[in-house]
Structures are given as C-alpha cells and as structure tokens.
Amino acid sequence: MKKRVAVVRPWFLPTSETFIYGELVNLKKTKAIVCAQKRLNKHRFPFSPVYKFKRYSDLKSIFRKKHVGLIHARFGTTGTKLLAVKKKLKLPMLTSFHGFDLPSNKKTRRKYGKKMKQLFKQGDLFTVTSKNNRKILIKYGCPKKKIIVHHSGIDVDKFAFKPRIYPENGKIYILSVGRLVEKKGMKYLIKAFKKVSKKYPQVHLRIAGDGELRGKLKRLVKRLGLKKRVTFLGELSHDQVAKEMQKCHLFVLASVKDRNGNQ
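What counts, and at which threshold
- Residues numbered from 1 in each chain as written.
- Predicted model: local features only at pLDDT ≥ 70, side-chain atom pairs only at ≥ 80, totals over all residues.
- Heavy atoms only, no water.
- Buried < 20%, exposed > 50% of the residue type's maximum accessible area, 1.4 Å probe, protein only.
- Helix = DSSP H or I, 4+ residues; strand = E, 2+ residues; numbered from the N terminus.
- Arc of directions from axis to C-beta.
- Contact = heavy atoms within 4.5 Å.
- Polar contact = N/O pair within 3.5 Å; in protein donor to acceptor, adjacent residues only side chain to side chain.
- Core = buried A, V, L, I, M, F, W, Y, C linked by side-chain atoms within 4.5 Å.
- Pairing = 2+ DSSP bridges.
- Axes fitted to C-alpha atoms, helices over the stretch in contact; angles between N-to-C directions.
- Parallel < 35°, antiparallel > 145°, perpendicular 65-115°, else oblique.
- Left-handed = near helix turned anticlockwise from the far one by under 90°.
- Nonpolar A, V, L, I, M, F, W, Y, C, P; charged D, E, K, R; others polar.

Caption draft 1: Inspection of helix α8 (residues 214-223) at higher detail. Those residues of α8 that fall on the buried side of the exposure criterion are Leu217, Leu220 and Val221. Buried residues in α8, looked at end-on, bunch into an arc of 100°, giving them a common side. Turned more than 90 degrees away from the buried face of α8 sit Lys216, Arg219, Lys222 and Arg223, all of them exposed. Considering only its buried residues, α8 is in contact with α7 (186-199) and β12 (230-234). In the stretch just after α8, glycine 225 is the one whose phi turns positive, near 70°.

Caption draft 2: Representation of the side chain of threonine 127 in the model. Counting through the fold element by element, threonine 127 comes out in strand β8 (residues 125-128). Here serine 96 takes part through its side chain, which lies 2.7 Å from a polar atom of the side chain of threonine 127.

Caption draft 3: Structural context of the nonpolar core. Counting residues in each nonpolar core, the largest one holds 30 residues, and the members touching the most others are Val8, Cys35, Leu59, Phe63, Leu82, Phe97 and Leu137. The element contributing the most residues to this core is helix α5 (residues 106-122), with 4 residues. Not counting residues within four places of it along the chain, the set of residues in contact with leucine 137 comprises Phe97, Leu102, Pro103, Phe120, Phe126, Val128, Cys142 and Ile147.

Caption draft 4: Molecular detail of the pairing of strand β10 (residues 172-177). Alignment of β10 against strand β11 (residues 203-208), held across 6 bridges, turns out to be parallel. Within β11, the residue paired with isoleucine 174 across the bridge is leucine 205. Here β10 runs beside strand β13 (residues 250-251); their pairing, made up of 2 bridges, is parallel. Within β13, the position partnered with isoleucine 174 by the bridge is leucine 250.

Caption draft 5: Spatial organisation of helix α9 (residues 238-247). Those residues of α9 lying buried are Val241, Ala242 and Glu244. Along the axis of α9, the buried residues cluster in a sector spanning 160°; they form a single face. For α9, the exposed residues set more than 90 degrees away from the buried face come down to Lys243 and Lys247. Among the structural elements, β10, β11 and β12 are those in contact with the buried residues of α9.

Caption draft 6: Geometry of the packing of α7 against α8. The N-to-C vectors of α7 and α8 enclose an angle of 10°; their axes lie 10 Å apart at closest approach. Judged on the interaxial angle alone, α8 and α7 are roughly parallel. α7 and α8 meet at a crossing whose hand is right-handed. Here Met186, Lys187, Ile190 and Lys191 of α7 come into contact with α8, specifically with Leu217, Leu220 and Val221. Residues of the contact of α7 with α8, tallied by class, amount to 5 nonpolar, no polar and 2 charged.

Without other data, these values stay purely geometric and don't point to any function.
Structure representation (structure tokens):
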C-alpha cells in the first residue's frame, strides 16, 4: 500500500490559515490525512479524512493503521511535540515554520527553546516562507542544509489580475486584510491613511479581519475623525476576501515585529 502523509495541526482549521488548506487540497502526487485535536470551521475547510486525537502519543496507532510514511508538522511548535512519535515509529518529519513559531518570538523561545534545539537536530527538513525566516532559523541553530524557502502559493484563478482605472466619481477603495493583532500593524495603516485622506478626500479604507485590538482600532479611527472613511468588515471567508479584492483599487498590508518578537 502506498504510504501517506500525515498533516498534523492541533486545530484544523482557524480561518486565518487558508494557506494550509490551499496546500493540502492541491496535493497532486501523494495522499494526505489530517490529524487534529479539534475540528474548526468544517464548512469553510471541508476535508476528509480528519482523525482526532487527545494526546500526541495517540498518533502512533493512527500512523500505523493509516500507513503513514511522512509526518508534516504545521508550525514549529507542533514539531517539538511530535519528536517522541517520530522517534518511536522511525518516521521522517517535515516541519513548516510560519511566524509566531519562530524562536525569535520570546514567548515561543521561553516555552519551546530546549525542544527547538532537539527539533533542529532530529527533524529531517524544514520549510520557511521567506529568506528572512531562514536566517532566523539558522541563527537559532537549524542546519542550513535542512531548510527550504517555500513561499505560500496563490490561486490565480480565484485572485485573478484585473487592470484598475481611475473611477469617474473619484472614489478610491483601499483594502487591507489581516487579524487585528499587534504584528499586523493596523494602527500604523490607520495613521498613514489619515495623511492620505487629507490630500484625497474621496479615498476610503476597508479593513477585513478581527482580533483583540478591534476596540482600540475603532477608537483610534474615531479620534482621528475617520469614522465615515474607514470600514471594519469583520472576519470574512476566503471567497468574501476574493470579492473584496476584486472591488478595491489598492491593497495595503502593514506589518511590524511585536514586543515579543512575533512577526
């Protein structure tokens, strides 16, 4: 029987992780199973089979029964928890890092520091989404030869190019998409938009996403006198985001390294 890939993500799947789903459903040369402790947003991310587990040790029996030949740990933090299973079953493991899980994040380093060193030593291969992230892994001890820069892919059918022209009514729509958390830099986007709006009074900013800073950002918009110029769209589905992107004239994404080094 052909061996399978086991994609392990404790929560399958938060709405902000469409990149994981996109890669999963577009696999061509291999079959995958998903193993998760909790199933989220099943209607948005339909996939089968998904096997639920309570403890990471439970994965040993699942991997044996489903003829798993490769473990794919989504996020470095998950990789550290899979080392014992990998060792017991003598399976190769690919670990994908994306941002919060980088050891440059103080919270991640405090909780997983020693285990990260073990992961870099025992893991077989690692992917990162940028050259900068590769530098970070190398800095914290991951061998260069084990790292591949794997950029997140884009479905160009869903996000097709459309030429923009200056509208006759002069109304320009700027869109930003991201969780309303510190590292997304939304407050800097809003402050920059204040400067833009003074020069171009018919420009409108639309922000898609939700998070812990929603209240603060709304108060900032009010304080800057931008309530009629900035719209918070809330959390949107992947399809809704695609529609918003087709309607807008410009896309802007601000980002910063937060106080813990999360990026």
